[in-house]
Amino acid sequence: MSADRVVLVTGGNRGIGRAIAERFVRDGYRVAVTARSGEGPEGTLTVRADVTDAAAVDAAFTEVEQKLGPIEILVANAGITKDTLLMRMSEDDFDSVVSTNLGGSFRVVKRASKGMLRARFGRIVLISSVVGLYGSAGQVNYAASKSALVGFARSLTRELGARGITTNVVAPGFIETDMTAELPEDTQKQYKASIPAGRFATADEVAGVVTWLASDDAAYISGAVIPVDGGLGMGH
Ligand SMILES: NC(=O)c1ccc[n+]([C@@H]2O[C@H](COP(=O)([O-])OP(=O)(O)OC[C@H]3O[C@@H](n4cnc5c(N)ncnc54)[C@H](OP(=O)(O)O)[C@@H]3O)[C@@H](O)[C@H]2O)c1
């Protein structure tokens, strides 16, 4: 059955990635996380990797393969923001966000696809954002990197869909993590007022959707964008 499969979650030392790793552990999977700093939750194998570095990604995958076996489920979660208005956005603000969020997904998916093709099985989940579909002033770099994951997942579905590999996008709204804790209190209040659910989500509410997408129940879902946003992005 599915629950003893090997999972790799990027950025699993904190926030949403950590909650996803915890949930997979709870469900009985063999779980590895990448981290630049810190450690993954109890029961996971932590490997070091910066997703902007293809050689580091390759070494981390090799370590997981040696210790746990081929990676069957990949969650590309590592991501950053560097928010500022377009007029003030530097080349580096743009490039670093795109290279982490979009380039990082490309690097880990490319490396994971080798084993998945061999196994004729794979589940790829890309963590995007409601902002990628809805837009957000001050987040041109972030929104561009996150909306690009939709085209990425849909192209990959066309490339690998016949090989037992699904690729889906999860688009969280506002989740209680370090990323949203940085927002000024007034901004948080404004956001909550515009979310039909009237609150931010817990990271575990995102994790439950990711583990479901990795399960046998979701075998026929690919190229989908699943919002976990309390209704914020409806229709986008
Ligand atoms: N929080 C939200 O409301 C929200 C909403 C929508 C989408 N998301 C998306 O969900 C994902 C996780 O967000 P979060 O809120 O959990 O963020 P977070 O608490 O800021 O954690 C980000 C994670 O990504 C890792 N990371 C960042 N840059 C990396 C790099 N170059 N190489 C490897 N790892 C890197 C971090 O590792 P270090 O600890 O080493 O920095 C950390 O584990 C992101 O893709 C984010 O865009 C978040």
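None of the values given here were measured: they were computed from a predicted structure. (Residues numbered from 1 in each chain as written. Predicted model: local features only at pLDDT ≥ 70, side-chain atom pairs only at ≥ 80, totals over all residues. Heavy atoms only, no water.)

*Asks:* Just give me the short version of the UniProt feature "domain: Ketoreductase" (unreviewed entry) in the protein chain, but keep the residues and values in it.
*Replies:* In the numbering used here, UniProt assigns the "domain: Ketoreductase" (unreviewed entry) feature to residues 5-178. Note that residues 5-178 is 47% helix and 20% strand, and that its end C-alpha atoms are spaced 29 Å apart. (UniProt positions renumbered as here; feature names shortened; annotations may be inferred. Helix = DSSP H or I, 4+ residues; strand = E, 2+ residues; numbered from the N terminus.)

*Asks:* So what's going on with the packing of aromatic side chains? Residues and values would help.
*Replies:* Using the criterion set out here, one finds 3 aromatic pairs in the structure. Ring geometry for Phe174 and Phe200: centres 5.5 Å apart, planes at 25°, overall stacked. Taken together, the positions of Phe174 in the loop between strand 6 (165-172) and helix 6 (178-181) and Phe200 in the loop between helix 7 (185-194) and helix 8 (203-214) put the pair 26 residues apart, joining distant regions of the chain. Each member of the pair, Phe174 as well as Phe200, carries the same accessibility label: buried. In this structure an aromatic cluster arises from ring pairing among Phe174, Tyr191 and Phe200. Its guanidinium or amino end placed over the ring of Phe121, Arg5 lies 3.6 Å from that ring's centre, counting from NZ or CZ. The ring of Phe200 has Lys192 sitting right over it, with the charged end atom 4.6 Å from the ring centre. (Phe/Tyr/Trp six-rings, centres within 6.5 Å; stacked < 30°, edge-to-face > 60°. Buried < 20%, exposed > 50% of the residue type's maximum accessible area, 1.4 Å probe, protein only. Lys NZ or Arg CZ within 6 Å of the ring centre and 35° of its normal.)

*Asks:* Kindly report on the environment of Glu91, identifying the contributing residues and their values.
*Replies:* Relative to the assigned elements, Glu91 resides in helix 3 (residues 91-119). Looking at Glu91, the relative accessible area reads 65%, which means it is exposed. Sequence separation between Glu91 and Asn141 is 50 residues, and the spatial gap between their C-alpha atoms is 9.9 Å.

*Asks:* Please provide a residue-by-residue account of the side chain of Gln188, values included.
*Replies:* One can find Gln188 in helix 7. Contacts of Gln188, omitting those with residues within four sequence positions, involve Thr180, Ala181, Leu183 and Phe200. (Contact = heavy atoms within 4.5 Å.)

*Asks:* Could you give an account of the pattern of salt bridges, with specific residues and numbers?
*Replies:* It is possible for side chains bearing opposite charge to pair when their charged atoms get close. Evaluation of the coordinates by the stated rule reveals 11 salt bridges. Between Arg23 and Asp204 there is a salt bridge whose closest N-O contact spans 2.8 Å. Pair noted here: Arg23 is in helix 1 (residues 15-26) and Asp204 is in helix 8, with a separation of 181 residues, a long-range link. Overall, Arg23 belongs to the partly exposed group, its relative accessible area being 21%. Note that Glu205 and Arg199 form a salt bridge whose closest N and O atoms lie 2.8 Å from each other. Under the relative-accessibility criterion, Glu205 is labelled partly exposed at 33%. Its relative accessible area of 42% is what places Arg199 among the partly exposed residues. Look at the salt bridges and you will find they share partners, linking Arg23, Arg26 and Asp204 into a network. (Salt bridge = Lys/Arg side-chain N within 4 Å of Asp/Glu carboxyl O.)

*Asks:* Can you break down the site of the ligand residue by residue, with the values?
*Replies:* Close to the ligand lie 29 residues; Asn13, Arg14, Arg36, Asn77 and Tyr142 are nearest. For the ligand, an oxygen atom lies 3.2 Å from a polar atom in the backbone of Gly11. Separating an oxygen atom of the ligand from a side-chain N or O atom of Ser37 is a distance of 3.1 Å. The protein chains hide 95% of the 900 Å² of surface that the ligand would expose on its own. If you list the elements that add at least two residues to the shell around the ligand, you get helix 1, helix 5 (140-160) and helix 6. At 3 residues, the largest contribution of residues to the shell around the ligand is made by helix 6. Per-class residue counts for the shell around the ligand are 11 nonpolar, 13 polar and 5 charged. (Near = heavy atom within 4 Å. Polar contact = N/O pair within 3.5 Å; in protein donor to acceptor, adjacent residues only side chain to side chain. Areas by Shrake-Rupley, 256 points an atom, 1.4 Å probe, with all protein chains shown as cover. Nonpolar A, V, L, I, M, F, W, Y, C, P; charged D, E, K, R; others polar.)

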